[in-house]
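Structure at a glance
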Amino acid sequence: MSPSKLDSTDSFGHEEASVSCSKPENGCVDSLSIFHSEKAVEELLQQTPVAGMDEHLIEFSEALRTVAKALRRAAEGKASAQAEAAEWKRRYELERTRNIQMEQKARMAEQFSAEKNGDLDCERVKNSDNQSMLQNESNEHSETGCMKHGIWSHEVLRDRESDSNSNADRNKIMRKASFKLSWWCNGENGDQHKHDIVSFERGNITTAERSSKQISLKWESDPQTVLILTKPNSVSVRILCVQMVRWLRERKKLNVYVEPRVKVELLAESSNFSYVQTWKDDSEISHLHMKVDLVITLGGDGTVLWAASMFKGPVPPIVPFSLGSLGFMTPFHSEHFKDCLDSVLRGPISITLRHRLLCRVVRDAAKNEYETEEPFLVLNEVTIDRGISSYLTNLECYCDNSFVTCVQGDGLILSTTSGSTAYSLAAGGSMVHPQVPGILFTPICPHSLSFRPLILPEHVTVRIMVPFNSRSPAWASFDGKDRKLLAAGDALLCSMAPWPVPTACQVDSTNDFLRSIHDGLHWNLRKTQSFDGPRDRDL
Ligand SMILES: NC(=O)c1ccc[n+]([C@@H]2O[C@H](COP(=O)([O-])OP(=O)(O)OC[C@H]3O[C@@H](n4cnc5c(N)ncnc54)[C@H](O)[C@@H]3O)[C@@H](O)[C@H]2O)c1
Ligand SMILES: Nc1ncnc2c1ncn2[C@@H]1O[C@H](COP(=O)(O)OP(=O)(O)OP(=O)(O)O)[C@@H](O)[C@H]1O
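Rules and cut-offs
For every chain, the first residue of the written sequence is number 1, and numbering continues from 1 along that sequence. For naming, the first written chain is A and the first written ligand is 1, with later ones following in the order written. Whole-chain, interface and lining totals are the exception, using all residues; otherwise, since this is a predicted model, local features are given only for residues with pLDDT of at least 70 and side-chain atom pairs are given and counted only at 80 or more. Only heavy atoms go into the side-chain values, all of them from the structure, while hydrogens and water stay out. Angles here are taken between N-to-C directions and fall from 0 to 180 degrees, while the axes themselves are lines fitted to C-alpha atoms, restricted in helices to the stretch in contact. Secondary structure elements are taken from DSSP: a helix is a run of H or I of four residues or more, a strand is a run of E of two residues or more, and numbering for both begins at the N terminus. Should an angle lie under 35 degrees it is considered roughly parallel, over 145 roughly antiparallel, and from 65 to 115 roughly perpendicular; all remaining angles are considered oblique. Only heavy atoms matter for contacts: two residues are in contact if any of them lie within 4.5 Å across the pair. Gly is put with the polar residues, along with every residue not named as nonpolar or charged; the nonpolar set is Ala, Val, Leu, Ile, Met, Phe, Trp, Tyr, Cys and Pro, and the charged set is Asp, Glu, Lys and Arg. The criterion for a residue being near a molecule or strand is simple. One of its heavy atoms has to lie within 4 Å of it. In protein, a polar contact requires one atom able to donate a hydrogen and another able to accept it; more generally it is a pair of N or O atoms within 3.5 Å, and residues adjacent in sequence count only if both atoms are side-chain atoms. Under the convention used here, a 1.4 Å probe and the Shrake-Rupley method define accessible areas, while residue burial counts only the protein chains that appear. Domain segmentation is taken from an automatic or database assignment of domains. Burial classification: accessible surface area is computed with a 1.4 Å probe over protein chains only, and a residue below 20% of its type maximum counts as buried, one above 50% as exposed, and the rest as partly exposed. Note: the arc covers the axis-to-C-beta directions of the helix.

Quick notes on the packing of helix α7 (residues 235–250) against helix α8 (residues 260–269)
α8 packs onto α7 with a crossing angle of 80° between their chain directions and a minimal axis gap of 11 Å. Judged by the inter-axis angle, α7 sits roughly perpendicular to α8. Here R238, C241, V242 and V245 of α7 lie close against α8, whose contacting residues are V262, E265, L266 and E269. Across the contact of α7 with α8, the residue classes tally to five nonpolar, no polar and three charged.

Below is the structure:
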């Protein structure tokens, strides 16, 4: 091999692809010097009388030889990678030139045919339909763009097929292929069903209503049974509970359910409360949704989370009364409970359908089995953190089998949009309107400067894995409760649950959300700038 050239076979099968060594920065000088030093080592070893040399020197020379060899291989590898990159660059340039030429040809042909047919969009539509609304508005469209204030008019995108005068005209108009977009979502049993179909004429996507609007609940028959859930150890909650149970029973003639603890408290108050119903063991809780028309919570956000956690499937509408400190999900004031409940029982009421996440822990040992552990439903978030370990958590994150990232930090929060104002907010996540469907992906103290939070679409399944090379296990907690250890190889699967939590609104979901961030967080509170001072017109 010539010392001035390095011969190698490139990955395109071009044998003997020589790499010139004229440029010192391309790594050839390195490989050459390495080559020379390897040779020098070789010569040195041959010249040195081996006999009588001590063991250490032999070992040292062997090591030197190995290092020189490794360095030579690395330099050769670098040179071959550079040759490969150069070949790709050459091919890319060729492809680009070819594409530019083709584009130019196509543009010229289009221009030629447009000139021939007088086929500019606006003209075409105007000519084809003299009686159309478009024609009426045509004066407002600019001749070149068919736009109003820089925005394309919807009228231009309308299918004029039925109005056109003749087949010939129609053929001229229908140049772009029309298509339909279909919305799909996962059915309850994992099967897919058609959720909605929106048709877009002529291949132009205009608008699509994807997010749910304000939802209104109207009773078709009168509610009969109410479940009251209360925050424990609070005197004000206890007093309100007594008043509310009495009023619901005596004035509204409703059946009232409470938790066993609350029934004991009520009976301690008065034996007249014996009509209040409860359950004996937790298995009865799973049937509550079939008996209860309405749930009332007395407490803070934690009590709403508690109420939601009691329903592992469908959840009856919840009317949350605020007896806590923050109250993002508790818009009703306890002082006016009679008026509030009157209007709720009468209906119709606005509700917020709060999405929940379905979370399942899959153990490494059982990863081929389905439904190994009881899933969790969370209204706020699932958190995967380092627990008491002082090491960084190391979490591999996938979204529908696409690798997302590796979290190295204190942990990760997968939050609903309702939970966006809770822990996720504290970790730097965005605040999101609770009616927006999506999964917030918010790192906790990531040890990286560029790890911004993400918001993923509602239909994805997120998988968080503790890799086998992780220094410590991780811990998952669900709405701040039920901590589960995730050992190396274990995973947490998280997707949107089919059973949302309907919470009654004081006004509507947007108004209530904005009120909660203003009142609860004093969002963007700033003293208003004074009127006096410099103004634009003075400049
Ligand atoms: N650093 C943090 O901000 C942090 C730490 C741990 C837990 N949390 C949150 O606490 C929640 C559990 O609540 P809890 O009441 O059982 O425990 P808690 O009594 O410790 O209350 C935590 C606080 O979070 C508030 N909160 C709960 N849900 C909220 C929501 N959706 N929007 C705005 N604020 C909300 C509560 O009003 C309360 O002030 C967890 O789901 C988690 O979101 C927050
Ligand atoms: N019925 C219940 N049974 C057991 N625990 C409950 C019940 N209701 C609420 N909790 C728990 O009590 C804790 C405090 O409740 P909550 O958040 O409603 O009150 P708060 O802390 O005074 O209000 P805020 O969260 O607005 O400051 C929460 O952790 C919640 O899970």
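Some details on the site of ligand 1
Close contacts around ligand 1 come from 16 residues, with D301, N380, E381, T421 and A422 the closest. In the environment of ligand 1, a nitrogen atom lies 2.9 Å from a nitrogen or oxygen atom belonging to the side chain of N380. One of the side-chain N or O atoms of T421 is found 2.7 Å from a nitrogen atom in ligand 1. Considering ligand 1 on its own, with 790 Å² of exposed area, one finds that the protein chains cover 64% of that surface. Elements with a minimum of two residues in the shell around ligand 1: α10 (301–310) and α12 (423–426). Of the residues belonging to the shell around ligand 1, the class tally is seven nonpolar, five polar and four charged. When residues of the shell around ligand 1 are assigned to domains, at least three map to each of domain 3 (217–352) and domain 4 (357–499).

Focus: α8
Those residues of α8 that sit buried are V262, K263 and L266. Viewed end-on, α8 has its buried residues packed into an arc of 105°, placing them on one side of the element. Among the exposed residues of α8, those pointing more than 90 degrees away from its buried face are V264 and A268. Turning to α8, the residues buried within the fold contact β8 (225–230), α7 and β9 (255–258).

Considerations on the environment of S309
Positionally, S309 belongs in helix α10. Separated by 170 residues in the primary sequence, S309 and D479 have C-alpha atoms spaced 9.0 Å apart.

A word on unusual backbone geometry
Residue P348 is reached from G347 by a cis peptide bond, and omega for that bond is -10°. Relative to the helices and strands, P348 is located in the loop between α11 (337–346) and β13 (349–354). Even without being a glycine, D479 presents a positive backbone phi close to 50°. With respect to the helices and strands, the residue D479 is situated in the loop between β22 (474–478) and β23 (481–486).

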